[in-house]
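# Overview (structure and organization)
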Amino acid sequence: MDNRRIGVFDSGLGGLTVMKELMALLPNESLVYFGDTGRIPYGTKSEETVLKYTRSDINFLQTFHLKAIIAACGTASSIALPKLSGQYDIPLLGVTKAASRRAAAVTRNGRVGVIGTTGTIRSGAYRSFLEEENPEIQTVSVACPMFVPLVEYGYAEKEAAKMIAKDYLQEIIESGADTLILGCTHYPLLKKVIGEVLGDSVTLINPGECVAGDVKKLLEENDLLSKEKQTEQYQFYVSDDPAEFIRLGSMFLERPIDGLVSRIDIEKYN
Ligand code: DGL
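What this report covers is the structure whose coordinates are included nearby. (Residues numbered from 1 in each chain as written. Predicted model: local features only at pLDDT ≥ 70, side-chain atom pairs only at ≥ 80, totals over all residues. Heavy atoms only, no water.)

## Topic: the sheet that holds strand E4 (residues 92–94)
To be explicit about the condition: At least two bridges found by DSSP between two strands is the condition for calling them paired. Numbering of helices and strands starts at the N terminus; helices are DSSP runs of H or I of at least 4 residues and strands are runs of E of at least 2. To obtain each axis, a line is fitted to C-alpha atoms, and for helices this fit is confined to the stretch in contact; angles are then taken between N-to-C directions over 0 to 180 degrees.
Strand order across the open sheet formed by 6 strands is E4-E3-E1-E2-E9-E10, with parallel pairing between neighbours. If you trace the sheet from one side to the other, it starts and ends with E4 and strand E10 (261–263), each paired once. Averaged over all adjacent pairs, the angle separating strand axes in this sheet is 20°, with direction ignored. In the sheet, strand E3 (residues 66–71) pairs with E4 via 3 bridges, with the strands oriented parallel. Paired with Ile69 across the bridge in E4 is Leu92.

Written out as structure tokens, the structure is:
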């Protein structure tokens, strides 16, 4: 038994899709979330910058007494985590590895599609992890940079989203992939539109769900599950004005979060 909190970070509020999965699967755990709203997006930044930002996000979270840290951000998980592994004395889990393992297990024809930010796709991390799982797997990767603003501006279920999805996903359809990794925090919110474009024969993998499963397994195997909730079970920190985070975050989580969000100066943790 271990009542310490779990830390979760993302470039902004998208990581709340991962937080939601953790809350659902591990209802007794206490979670502290950091969204780097002052420095978002990570998906268009260079490798050095994403690595620097990820380090400071982890440094900030380490000021709490944590038992694990989860990189909810697809870009940070793909670019920075492979370079940081082994550098911290608490478990550091990312969405990329968890989703690759699941995709490799569920594909029937060995063809897996991956969509993500420009940085995630450029990193090739999904391809490497999938090949590690099974060298026979063929990966087709497509960057979908317009998906994040579509979600943030409330267009996730509108016709415009479908038109853009049809264009981005054409290469996935042509590849014959039977499995698609939604490799960015925001994409699970486009699941309906993506599912309509690809049809029922393509299995959609939500990395948040996969990493939540990994966290549960890690806690169970190491006797680290919480016995009781902390008084402030969920805490949120951001690096810019919390107002927009509170508004959109309540929508992402489908529960109000006002009163739980504080602003910090992330530059102090570089
Ligand atoms: N959270 C990012 C990701 O999952 C998307 C937003 C950004 O570009 O920072 O890759």
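Next comes the rest of the account.
## Looking at the site of the ligand
Using the following cut-off: One heavy atom within 4 Å of a molecule or strand is enough for the residue carrying it to be called near that molecule or strand. Pairs of N or O atoms within 3.5 Å make up the polar contacts considered here, provided that, within protein, one atom can donate a hydrogen while the other can accept it, and that residues adjacent in sequence are counted only when both atoms are side-chain atoms. Areas reported as accessible are Shrake-Rupley estimates using a 1.4 Å probe. Residue values count occlusion only from the protein chains shown.
Surrounding the ligand, one finds Asp10, Ser11, Ile40, Pro41, Tyr42, Gly43, Cys73, Gly74, Thr75, Thr117, Cys184 and Thr185. A distance of 2.6 Å is found between an oxygen atom of the ligand and a side-chain nitrogen or oxygen belonging to Ser11. Taking Thr185, its side chain carries an N or O atom lying 2.9 Å from a nitrogen atom of the ligand. The protein chains hide 97% of the 300 Å² of surface that the ligand would expose on its own.

## As for the pattern of salt bridges
Quick note on the threshold: Any carboxyl oxygen of Asp or Glu within 4 Å of a side-chain nitrogen of Lys or Arg constitutes a salt bridge here. Exposed residues in this analysis have more than 50% of their type's maximum accessible area, buried residues have under 20%, and partly exposed residues fall in between, with area computed by a 1.4 Å probe over protein chains only.
For the structure on display, the rule yields 16 salt bridges. Among the salt bridges present, the one from Lys217 reaches Glu221, with a minimum N-O distance of 3.8 Å. Here the residue Lys217 and the residue Glu221 both occupy positions in helix H11 (residues 207–221), the gap between them amounting to 4 residues, near one helical turn. With a relative accessible area of 58%, Glu221 lands in the exposed category. Through salt bridges with shared partners, a single network forms among Asp36, Arg39, Asp57 and Glu267.

## Re the nonpolar core
Note on soluble globular proteins: their nonpolar side chains tend to be buried together. For clarity, the threshold we go by: Think of a nonpolar core as a cluster: buried Ala, Val, Leu, Ile, Met, Phe, Trp, Tyr and Cys residues, connected wherever their side-chain atoms sit within 4.5 Å. Whether two residues are in contact is decided by their heavy atoms: any pair within 4.5 Å suffices.
Judged by nonpolar contacts, the single largest core of 67 residues is most densely connected at Met19, Ile115, Phe147, Leu180, Ile194 and Phe236. Residue contacts for Phe147: discarding those within four places in its chain leaves Ile115, Ile164, Ala165, Tyr168, Tyr187, Leu190 and Ile194. Ranked by size, the runner-up nonpolar core spans 25 residues in total, among them Leu51, Ile69, Leu81 and Tyr88.

## Some details on the packing of aromatic side chains
When we look at a pair of aromatic rings, we describe it by the centre distance and by the angle of the planes. For the record, the criterion: Note on ring pairs: Phe, Tyr and Trp rings are taken, using the six-membered ring of Trp, and paired if centres are within 6.5 Å. Classes follow the plane angle, with under 30 degrees stacked, over 60 edge-to-face and the rest tilted.
All chains considered together, the criterion is met by 11 aromatic pairs. With a centroid separation of 5.4 Å and an interplanar angle of 70°, the aromatic rings of Phe60 and Tyr237 are classed as edge-to-face. Placement of Phe60 in helix H2 (residues 47–61) and of Tyr237 in strand E9 (residues 234–238) is noted, with a sequence separation of 177 residues between them. For the pair formed by Phe60 and Tyr237, the shared burial category is buried. On the numbers, 6.2 Å between centres and 55° between planes, the contact of Phe236 with Phe245 is tilted.

## A look at the pairing of strand E2 (residues 31–35)
The element E2 is extensively covered by neighbouring structure, given that 5 of its 5 residues are classed as buried. Residues Leu31, Tyr33 and Gly35 point to one face of E2 and Val32 and Phe34 to the other, with burial holding for every one of them. In this structure, strand E1 (residues 5–10) lies alongside E2, joined through 5 bridges in parallel fashion. Note on E2: the bridge partner recorded for Asp10 is Gly35.

## A few points about the side chain of Thr107
Within the secondary structure layout, Thr107 lies in the loop between helix H5 (95–106) and strand E5 (111–116). Separated by 2.8 Å, the side chains of Thr107 and Asp178 make a polar contact. Other than its neighbours up to four places away in sequence, Thr107 contacts Val112, Ile137, Asp178 and Thr179.

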